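Descriptive analysis of the structure
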Amino acid sequence: MSKEQPHISVCICTFKRPELLRRSLEKICSQRTDNLFTYSVVVSDNDKDESGRAAVAEIASRFPIAIKYCVEPRQNIALARNRAVENATGDFIAFIDDDEFSTAEWLLTLLKTIGEYHDSSGVLAPVNPHFDEGTPGWVIQGRFYERPSHPTGMILSWNKCRTGNVLLKRKVFDGDRQPFKPECLSGEDQDFFRRKIEEGHKFIWCHEAPAYEVIPAVRWTRRFLIRRALFRGVFAQRNHGLQPWRLLQAIISVPAYALALPVAFFLGQARFMGCMFKLSYHLGRLFAVLGMNPIQQAYVTE
């Protein structure tokens, strides 16, 4: 690291989740720095009614960390991310979601890791589920909110990259007026990393800097999980285009999982809903091929 302290801009995009945003900001504003860096926060509110403003003002009144609040009134996650980047001033840009919270060593660990792997352009880290008290056992057993993790130092392919927990060098955004593409209504982060890797950037993994995604009661329902799976399927198909092998996979998977449902039912709720989730995902892909969208919302984010 340079003797001059680098500055990190922590970017959070939010949409109608003020309580979760408040919790996330409290943790972010309590970071250990060990005098190795300074940091500030940018909150990009994708709600034209500014539902996050009061939470930001309340946290800003309690902590000495500078927080910039900006609004992207057009409901589109890529535009909200771009707005955050426009307002970021740091040598590094971190992203964390508004329904996640960090540990006190989060930024410090990410920065040390990117210093050790100096030829990398950014470092990504795990997002682990945090279940509220009273979560049904089948929701935990079904592992619906588990995400893959990797060894520290592993070089990542674009399809393993997300913006839920990441620290990027500023140079990744240089010359890119619109780093996240608004035509990607979902999966805009993977599209971003695919293009950046093609440009020659390298991104690595840090297992020791997890963030935690809050899984509230509204996400324990079968309805929510099915809607989420349909949403992912629709936009996965849209973003990848009409690739014959992906279409064939969906055509085969839908009847296969439908036939498996009666058996899964007798194996317990976790197995049954796991099967239903996969069926819904592949149904979403087929709906997209037919030009249909059963989920008429820009977000499925309760």
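Residues numbered from 1 in each chain as written. Predicted model: local features only at pLDDT ≥ 70, side-chain atom pairs only at ≥ 80, totals over all residues. Heavy atoms only, no water.

Here we come to the overall build of the protein chain. Within the protein chain one finds nine helices and ten strands. Over its C-alpha trace the protein chain gives a radius of gyration of 20 Å, about what one expects of a compact globule, namely 19 Å for 302 residues. For the protein chain, the C-alpha atoms occupy an extent of roughly 60 × 45 × 40 Å along the three principal directions. In the protein chain, buried positions account for 52% of the 302 residues. Sequence-distant contacts in the protein chain: of pairs separated by 6 or more residues, those separated by 24 or more amount to 81%. As presented, the protein chain carries roughly 14200 Å² of accessible surface, and 55% of it is formed by carbon and sulfur atoms. Distance from the positive charge centre (39 side chains) to the negative charge centre (33 side chains) of the protein chain: 5 Å. (Helix = DSSP H or I, 4+ residues; strand = E, 2+ residues; numbered from the N terminus. Rg over C-alpha atoms; globule rule 2.2 N^0.38 Å. Buried < 20%, exposed > 50% of the residue type's maximum accessible area, 1.4 Å probe, protein only. Contact = heavy atoms within 4.5 Å. Areas by Shrake-Rupley, 256 points an atom, 1.4 Å probe, with all protein chains shown as cover. Lys, Arg positive; Asp, Glu negative; His and termini not counted. Charge placed at Lys NZ, Arg CZ, Asp CG, Glu CD.)

Along an α-helix, a turn takes 3.6 residues, which lines up residues three or four apart on a common side. By the criterion of burial, helix α6 (residues 188-198) is predominantly enclosed, with eight of the eleven residues buried. Residues of α6 that are buried: E188, D189, Q190, D191, F192, F193, R195 and K196. Looking one or two residues past α6, G200 carries a phi angle of roughly 110°, positive in sign.

Before going further, it helps to spend a moment on the nonpolar core. Counting residues in each nonpolar core, the largest one holds 34 residues, and the members touching the most others are I8, V10, V41, W106 and L167. Elements represented by at least two residues in this core include exactly β1 (7-14), α1 (18-28), β2 (38-45), α2 (53-62), β3 (67-71), β4 (92-96) and α4 (106-116). Residues within four places of V41 in sequence aside, it is in contact with V10, I12, L25, I28, I65, A66, I67 and K68. (Core = buried A, V, L, I, M, F, W, Y, C linked by side-chain atoms within 4.5 Å.)

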